[in-house]
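Letter by letter, the chains look like this.
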Amino acid sequence: MSTKLSDLHTPCFLVDLQKVQQNCDHMIETCRKLNIKLRPHTKTHKTIEAAILQTKGSKRCIAVSTLAEAEFYAENGFDDILLAYPITADKINRCLALTIKLQKFHVMVSGLEGLECLETHAQFLPKEKFWSLFLDIDVGYGRTGFLWDGGDILDAAVRVNNNSLQLRLEQLYVHCGNSYGVKTSSERIKLQETNIHRLQQLQKRLMNYGFNCTYGVGSTPTCSLPIEDNKVLAEFHPGNYVFYDYMQHLFGSCRESNIACRVMTRVIAHKPEKNIIVVDCGWMALGLDGKMERPLDFCLIQGENNLRLLDMTQEIGKIVAKEGELDCRLYPVGMILYIIPFHSCCTSSLHAEYQIHNGDDVVATWKPVRGW
């Protein structure tokens, strides 16, 4: 007897398998048309099953955000893995093990300190192995990376060239996280054009030092809504597109119908004198992302256009009407509601397992890797 959604305990994290498949296929096709390699990021879902869909079953060419993820995927037959996180000395021994184990394991260097760390530990690599580097470039986001027009990136290029037996430059990497701060499509297009122009200028500077390197960019908004200039890139590194979320919908990266994840919750009490219904989804099941930016509208309640989540404690959420008084009788205790999260990366990280469904049938349980 198959399990139905209504059989599940709440709150729980639901993933629509058909929508995940469609989102993955669409990004693969987008990259094919642009002639760009897709190196999907796995940090949103952190599961084997979704990564297989992202790579069309090849289990090759992915990005991860933690060593726990890198080890998890390596143990499950994945290769060509980029640790898209600045390398530091405390992580070096685990990186050495992965470099030895895999055909291709890449580390990210965001400054000269990271490069020095790799140089210091290169002596522990087998003769046939070397550090494969993605140099993290800051083209305006201001988080991590070598400044695109600074001197440190040239110093790094020279040091890599002088230690070419131990250090190999694979690619320049740009996150484009500032794409989450733009408000209009024209601003997004201008940002993409600026980022690519700056990368091209850096590429010209590096060519003077003998480096004819390629570069890739990654953010779900820029990869979901590519421009013609993207054809000069070597790789895309998006991640959130697997699930999408309300935030991406607001950006125009996806339609609401593309969002593949929800938190299923049940009505557990009424407060008719305050026109409130109470559900078993608090911030431990949904997260607080978006609440500061959009206090009145930080998530969607699927199919209920006049409902909004007013407030949350750890395990409880309070729902009210957007307009008029809420008739609690329309939402009896035990009724199921579905909340579309503002940020699926945040919400998924709060759940030890995902309930995978096809229509009303629960077809699988995915268990994400946790830890650092």
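Because the structure is predicted, anything quoted here is derived from the model rather than measured.

(A) Structural context of the pattern of salt bridges. Tallied over the full model, the rule gives 13 salt bridges. Linking E235 and K37 is a salt bridge whose minimum nitrogen-to-oxygen distance equals 4.0 Å. Pair noted here: E235 is in strand β11 (residues 235–236) and K37 is in strand β3 (residues 37–38), with a separation of 198 residues, a long-range link. By relative accessible area, E235 is classed as buried at 2%. A salt bridge links R159 to E119, with the nearest nitrogen and oxygen atoms 2.6 Å apart. Separated by 40 residues along the polypeptide, R159 in helix α6 (residues 152–162) and E119 in helix α5 (residues 112–121) bring together distant segments of the chain.

(B) Geometry of a nonpolar patch on the surface. A grouping of W283, M284 and L288 is seen on the molecular surface, where their side chains present a nonpolar patch of about 280 Å² in accessible area. Relative to the helices and strands, M284 is located in helix α10 (residues 283–286).

(C) Region of interest: the packing of aromatic side chains. The full count for this structure, using the stated rule, is eight aromatic pairs. Ring geometry for Y73 and F78: centres 5.0 Å apart, planes at 70°, overall edge-to-face. Judged by relative accessible area, which is 0%, Y73 ranks as buried. Judged by centre distance (5.5 Å) and plane angle (70°), the ring pair of Y180 and F251 falls under edge-to-face. Of the two residues, Y180 sits in the loop between β9 (167–174) and α7 (185–207) while F251 sits in helix α9 (residues 246–251), which places them 71 residues apart along the sequence.

(D) Up close: helix α1 (residues 17–34). The first and last C-alpha atoms of α1 sit 26 Å apart over 18 residues, in line with the 26 Å expected at 1.5 Å per residue. Among the residues making up α1, those that are buried are V20, N23, C24, M27, T30, C31 and L34. Taken around the axis of α1, the buried residues stretch over an arc of 120°, which confines them to a single face. Away from the buried face of α1 by more than 90 degrees, exposed residues R32 and K33 are located. Residues of α1 that are buried in the fold lie against β2 (12–16), β3, α2 (48–54), α8 (220–224) and β11. At the N-terminal boundary of α1, the capping side chain belongs to D16, with an oxygen 3.1 Å from the backbone nitrogen of Q18.

(E) Molecular detail of the packing of α5 against α6. Where α5 meets α6, the closest approach of the two axes is 10 Å, and the angle between their N-to-C directions is 15°. Classified by the angle between their axes, α5 and α6 sit roughly parallel to one another. Between α5 and α6 lies a crossing of left-handed hand. Along the contact surface, α5 presents L112, L115, E116 and E119, while α6 presents D152, D155, A156, R159 and V160. Looking at side-chain class alone, the contact of α5 with α6 contains four nonpolar, no polar and five charged residues.

(F) Structural detail: the side chain of H351. For H351, the location among the structural elements is in the loop between α11 (344–348) and β18 (354–358). The buried category is assigned to H351, whose relative accessible area is 8%.

(G) Looking closely at the nonpolar core. If you look at the biggest cluster of nonpolar residues, it comprises 102 residues, and the most contacted ones within it are I81, F105, W131 and I137. When residues in this core are grouped by element, the largest group, six residues, is from helix α3 (residues 67–75). Counting residues in hydrophobic clusters, the runner-up holds seven residues, among them L5, C12, M264 and Y338.

(H) Structural detail: the state of the cysteines. Tallying each qualifying case throughout the model produces zero disulfides. Cysteine C61 is unpaired, with the sulfur of C31 as its nearest cysteine sulfur at 9.7 Å. In this structure C346 is not part of a disulfide, and its nearest cysteine sulfur, from C345, lies 8.6 Å away.

(I) Quick look at the pairing of strand β17 (residues 336–340). For β17, a buried count of four out of five residues is recorded, marking the element as mostly surrounded by other parts of the structure. The pairing of strand β14 (residues 300–301) with β17 spans two bridges and is antiparallel. In the strand pairing of β17, I301 is matched with I339.

(J) Quick peek at α7. The first and last C-alpha atoms of α7 sit 33 Å apart over 23 residues, in line with the 33 Å expected at 1.5 Å per residue. Looking at the buried residues of α7, the elements they touch are β7 (131–138), α6, β9, β10 (215–217) and α8.

(K) Unusual backbone geometry, seen in detail. Cis geometry marks the peptide bond from T10 to P11, where omega comes out at 0°. Note on placement: P11 falls in the loop between β1 (3–4) and β2. In the Ramachandran plot, N275 falls in the positive-phi region, its phi being about 55° despite a non-glycine side chain. Along the polypeptide, N275 turns up in the loop between β12 (261–271) and β13 (276–279). You can call N275 partly exposed: its relative accessible area is 21%.

(L) Representation of a negative patch on the surface. Negative charge collects at one region of the surface, where E113, E116, D152 and D155 lie side by side. Elements with a minimum of two residues in the negative patch: α5 and α6. A relative accessible area of 42% means that D152 is categorised as partly exposed.

Thresholds, definitions, all that
Residues numbered from 1 in each chain as written. Predicted model: local features only at pLDDT ≥ 70, side-chain atom pairs only at ≥ 80, totals over all residues. Heavy atoms only, no water. Salt bridge = Lys/Arg side-chain N within 4 Å of Asp/Glu carboxyl O. Helix = DSSP H or I, 4+ residues; strand = E, 2+ residues; numbered from the N terminus. Buried < 20%, exposed > 50% of the residue type's maximum accessible area, 1.4 Å probe, protein only. Patch = residues over 30% accessible without salt bridge, like charges linked within 9 Å, V, L, I, M, F, W, Y side chains within 5 Å. Areas by Shrake-Rupley, 256 points an atom, 1.4 Å probe, with all protein chains shown as cover. Phe/Tyr/Trp six-rings, centres within 6.5 Å; stacked < 30°, edge-to-face > 60°. Expected span 1.5 Å × (residues − 1). Arc of directions from axis to C-beta. Contact = heavy atoms within 4.5 Å. Polar contact = N/O pair within 3.5 Å; in protein donor to acceptor, adjacent residues only side chain to side chain. Axes fitted to C-alpha atoms, helices over the stretch in contact; angles between N-to-C directions. Parallel < 35°, antiparallel > 145°, perpendicular 65-115°, else oblique. Left-handed = near helix turned anticlockwise from the far one by under 90°. Nonpolar A, V, L, I, M, F, W, Y, C, P; charged D, E, K, R; others polar. Core = buried A, V, L, I, M, F, W, Y, C linked by side-chain atoms within 4.5 Å. Disulfide = S-S within 2.5 Å. Pairing = 2+ DSSP bridges. Lys, Arg positive; Asp, Glu negative; His and termini not counted. Charge placed at Lys NZ, Arg CZ, Asp CG, Glu CD.

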